[in-house]
Every structure is written in structure tokens, then in C-alpha cells.
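Inside the fold
The primary structure of each chain is shown beneath.
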Amino acid sequence: MNSIALQEAFPNIYRKFFAKCPTVVSAPTTFVWSGEYTTMYGGPSITQTLPMRVYVGIEPISRPEIRYGLYDYFNPSRQQFEPRQDETILQEPIVALLTSELSKMVNGAEIGFVLHVLSEAPAGHGLQTSGAL
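Summary of the structure given here. (Residues numbered from 1 in each chain as written. Predicted model: local features only at pLDDT ≥ 70, side-chain atom pairs only at ≥ 80, totals over all residues. Heavy atoms only, no water.)

Next up on the list: the packing of aromatic side chains. On inspection of all chains with the given rule, the structure shows eight aromatic pairs. With a centroid separation of 6.0 Å and an interplanar angle of 90 degrees, the aromatic rings of Tyr14 and Phe81 are classed as edge-to-face. Of this pair, Tyr14 sits in helix α2 (residues 11–20) while Phe81 sits in strand β4 (residues 80–83), and the two are 67 residues apart along the sequence. For the pair shown, Tyr14 and Phe81 are each scored as buried. Three or more aromatic residues joined by ring pairs form one cluster here, namely Phe10, Tyr14, Phe17, Phe18, Tyr55, Phe74 and Phe81. (Phe/Tyr/Trp six-rings, centres within 6.5 Å; stacked < 30°, edge-to-face > 60°. Helix = DSSP H or I, 4+ residues; strand = E, 2+ residues; numbered from the N terminus. Buried < 20%, exposed > 50% of the residue type's maximum accessible area, 1.4 Å probe, protein only.)

The structure is reproduced here in C-alpha cells:
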């Protein structure tokens, strides 16, 4: 399971995502072998980047608001992408941060977009998808 294999197996998922979002960024997922909490206090950790990515896309809209759209992730036990329902706890602070930062950059211009997420990493497996997001 890696980005290339998933893109080849599910071309329509990626095509739909990239067609909806003219601006997309991505980051790899990671696995922390040891030292996950020691880094908070300046200590070392052993981390490995995995060949799976989290994609975040922006779909422009005409209303001056920022909101979440789709959040799909790959479920390896079902061998399919599924909507993630439990990520709502992160949505409010991320939208607040983006709204604040956007207001600093656009000098009063009214810009709106829907934030979409496509995660190749399975949900709830400790692969640092929140950090990638």
C-alpha cells in the first residue's frame, strides 16, 4: 500500500479530487518508532516517512467563508476509500486558523473556499495524519 499503487487502483478517486480542487498540497505520513513524546521536551525521536500522503485541496466558492468538505481516507480492510466522520474535532480550530491567516494576507478581499482532504493512510492507526494535515 503506497501512493503509486493507490493512484493506479483508484484513478477516479484522485481524478475527482484534483478536478474539484485547483490548488492541492500534500505531505507524507510518518511512523514514530520511538521518542514520540520526548520531542515535546527537546529530546530525540526515530521517525520514518511512509510512502503514503495526505492531500489537502481548496475548492473556490463565491461566498466569503471557509468550510470543510470531503474527508476521505483509505480503509485497507475494505480496500476502498471511505468518508471519515470522526475528524470534526479538528475542523473548527483549522477553519479558525485559516480564517485568521487569510484575513492578514488578502487585505479585506472576500475569498471563500471549501477544504477537502484525501488521506491514503488508514484512520486511527497512529500514522501522524493530523500532523500531515
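Where nonpolar side chains cluster on the molecular surface, the patch consists of Phe31, Trp33 and Ile46 and spans about 330 Å² of accessible area. Judged by its relative accessible area of 30%, Phe31 is partly exposed. (Patch = residues over 30% accessible without salt bridge, like charges linked within 9 Å, V, L, I, M, F, W, Y side chains within 5 Å. Areas by Shrake-Rupley, 256 points an atom, 1.4 Å probe, with all protein chains shown as cover. Salt bridge = Lys/Arg side-chain N within 4 Å of Asp/Glu carboxyl O.)

On to unusual backbone geometry. The backbone phi angle of Gln79 is positive, close to 55 degrees, even though this residue is not glycine. Topologically, Gln79 is positioned in the loop between β3 (66–75) and β4.

Here the focus is the nonpolar core. Judged by nonpolar contacts, Val54, Val56, Ile66, Tyr68, Tyr71, Val95, Leu102, Phe113, Leu115 and Val117 together constitute the single largest core of ten residues. Beyond its immediate chain neighbours, meaning those up to four positions away, Val95 contacts Ile66, Arg67 and Tyr68. With nine residues, the next largest nonpolar core counts Tyr14, Phe17, Tyr55 and Phe74 among its residues. (Core = buried A, V, L, I, M, F, W, Y, C linked by side-chain atoms within 4.5 Å. Contact = heavy atoms within 4.5 Å.)

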